[in-house]
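Next come the chains, spelled out residue by residue.
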Amino acid sequence: MSAPAVDDRARYRANPTVLQALKSPRMLTREVLAGLVVGLALIPEAIAFSVIAGVDPKVGLFSSFIMAVSIAFLGGRPAMVTAATGAVALVIAPVAPTYGMDYFIATVILAGIFQVLLGVLGVAKLMRFIPRSVMVGFVNALAIFVFSSQFPQLIDVPWLVYPLVALGIVVMIVMPRITRVVPAPLVSVIIVTGVVLAFAITVPTVGDQGELPKSLPELFIPNVPLTWETFTIIAPFALGVALVGLMESLLTAKLVDEITDTHSNKTRESWAQGVANMLSGIFGGMGGCAVIGQTMIGVKASGARTRISTFCAGIFLFLLVVVFGDFVGTIPMAALVAVMIMVAIGAFDWHSVKPSTLKRMPKSETFVMVATVVLVLLTHNLAVGVVGGVLVASVLFVRRVAHFVSVERSVDRSVSGDVARYVVNGELFFASSNDLTTLFEYPDDPEHVVIDLSGSHIWDASTVAALDAIETKYAALGKSVEIVGMNESSQRMRGRLTGGFE
């Protein structure tokens, strides 16, 4: 039993490792600077998500700091960033205004407990049921979501915001052609901020988004009665946070796996998200999950590959808002908007919408991708879009597979008596077996009928019930039926269920 464990360790071994990064000045510099860029990008969104959740901005900022640092040690996907997110904020938003801050924090802690339980139960293994078309739809919807979320910073603002955003985008396009040692987003933020300060340009800044905290987070033990009534109040919100958070985190981990050509331990990531949420709640945070936008800034735009970048993102976030809050407050929002626009452009799978790709791909695959995108944009919830996409893909798959079942009839003539032989080919389950009873010629068949299932497999009770119905129809006409060719699994299924549907 020890061999699989060794294989798992090898499969999930980080590449590069933290030790390798620490020994390489070039790699370490890249990781630290990537963390700085991500830390900067987390500030305005953490403030914005706090507003959505109906709490003070420091609640989102402290949550992002605590979760980023804790997931750097506990998480199963190196370089992935966890912080306060819009999806979690939307789910938990009704709690604080309705029940108060104590119930809000209790909800966050309970959500963490639910995530730990789900992680231990192996919910991460369900990721294998998410098809590629849903994954592409998720990425494209996310890119559109990230891009559209910048609109508030581009509407009803001074006209100088637009050239500043354009400047930031140009810097990020040109910088990688000059050098990749320093992340392009960081250079862009520095240059745009420098221009604003040098020319005393009045534009919206990070400081305008909300007051930054001036002290360390403190322990927050929620003062709520430990009763069943309290549980019934917070449990629905906590379960929603747990499910949405896990889904977004595991999908983000899968996306980073594909970008970096490495594997991550999804089970470890699941329970680690729960622990991070519990720690966030204990210190007065709003909870969260993996933030795909900032993760893409770190992994795709800045080249981060290890836990160092995630840890540094949390530390820099804390230092920037608590120690250097006055300076950070002067950073123009235009600089961060430019970074997020480039992240959205880079995250979108442009190949998936090329005319040549659309022409070559099956229409069902394209429909699933579009359905996922539309559901996300309509609900503003990535989890709803993914679940809806999986359901659409499942229905289309079942519909397609159901048509693969064929039944061929032949009649063997002999002196001892004629025999009708039916050869069934294909997978037999509820979608394909419902029509199975209509494919037999009951009145015209001789007294003995053989049904050959050697090219089939019985998957569910619906098929067993269909076979029982076929036998009953023939028996009513005084004819006998012999079913042959079943594999061992099909025999066990039929032996256990046959005759139990009357």
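Remember, it's a predicted structure, so these values are computed and weren't measured experimentally.

## Structural notes on the overall build of the chain
- For the chain, the count of helices and strands is 22 helices and six strands.
- The proportion of buried residues among the 502 residues of the chain is 52%.
- If you take every contact in the chain between residues at least 6 apart in sequence, the share linking residues at least 24 apart comes to 83%.
- When the accessible area of the chain is evaluated, it comes to approximately 23400 Å², of which 65% is carbon and sulfur surface.
- Taking the average location of the 34 positive side-chain charges in the chain and that of its 35 negative ones, the two points are 10 Å from each other.

## Structural notes on the side chain of serine 433
- With respect to the element layout, serine 433 can be found in helix H20 (residues 430–433).
- Dropping the residues within four chain positions of it, serine 433 is found in contact with Ser462, Thr463 and Ala466.

## Side note on the sheet that holds strand S5 (residues 448–458)
- Across the sheet, which stays open at both edges, the four strands sit in the order S3-S4-S5-S6 with mixed pairing between neighbours. A strand with exactly one partner marks an edge of an open sheet, and here the two such strands are strand S3 (406–412) and strand S6 (480–484). The average undirected angle you get between the axes of adjacent strands in this sheet is 20 degrees.
- With seven bridges connecting them, S3 and strand S4 (residues 419–428) associate as antiparallel partners. Bridging across to S4, valine 407 finds its partner in valine 424.
- Against the sheet, helix H21 (residues 461–476) contacts S4, S5 and S6, and its axis sits at roughly 175 degrees relative to S5.

## Overview of the packing of helix H8 (residues 132–148) against helix H11 (residues 228–260)
- Running from amino to carboxyl end, H8 crosses H11 at an angle of 100 degrees, the nearest separation of the two axes being 11 Å. In terms of orientation, H8 and H11 fall into the roughly perpendicular class. Across the interface between the two elements, Met135, Phe138 and Val139 of H8 pack against Leu251, Thr252, Lys254, Leu255 and Glu258 of H11.
- Its residues placed into classes, the contact of H8 with H11 shows five nonpolar, one polar and two charged.

## Observations concerning the packing of aromatic side chains
- Enumeration over the complete set of coordinates arrives at eleven aromatic pairs.
- Here phenylalanine 147 and phenylalanine 151 contribute two aromatic rings whose centre-to-centre distance is 5.5 Å and whose plane-to-plane angle is 85 degrees, an arrangement assigned as edge-to-face.
- On the basis of relative accessible area, phenylalanine 147 is assigned to the partly exposed category, the value being 37%.
- Classification of phenylalanine 151 by relative accessible area gives partly exposed; the value is 37%.

Scoring rules and cut-offs
Residues numbered from 1 in each chain as written. Predicted model: local features only at pLDDT ≥ 70, side-chain atom pairs only at ≥ 80, totals over all residues. Heavy atoms only, no water. Helix = DSSP H or I, 4+ residues; strand = E, 2+ residues; numbered from the N terminus. Buried < 20%, exposed > 50% of the residue type's maximum accessible area, 1.4 Å probe, protein only. Contact = heavy atoms within 4.5 Å. Areas by Shrake-Rupley, 256 points an atom, 1.4 Å probe, with all protein chains shown as cover. Lys, Arg positive; Asp, Glu negative; His and termini not counted. Charge placed at Lys NZ, Arg CZ, Asp CG, Glu CD. Pairing = 2+ DSSP bridges. Axes fitted to C-alpha atoms, helices over the stretch in contact; angles between N-to-C directions. Parallel < 35°, antiparallel > 145°, perpendicular 65-115°, else oblique. Nonpolar A, V, L, I, M, F, W, Y, C, P; charged D, E, K, R; others polar. Phe/Tyr/Trp six-rings, centres within 6.5 Å; stacked < 30°, edge-to-face > 60°.

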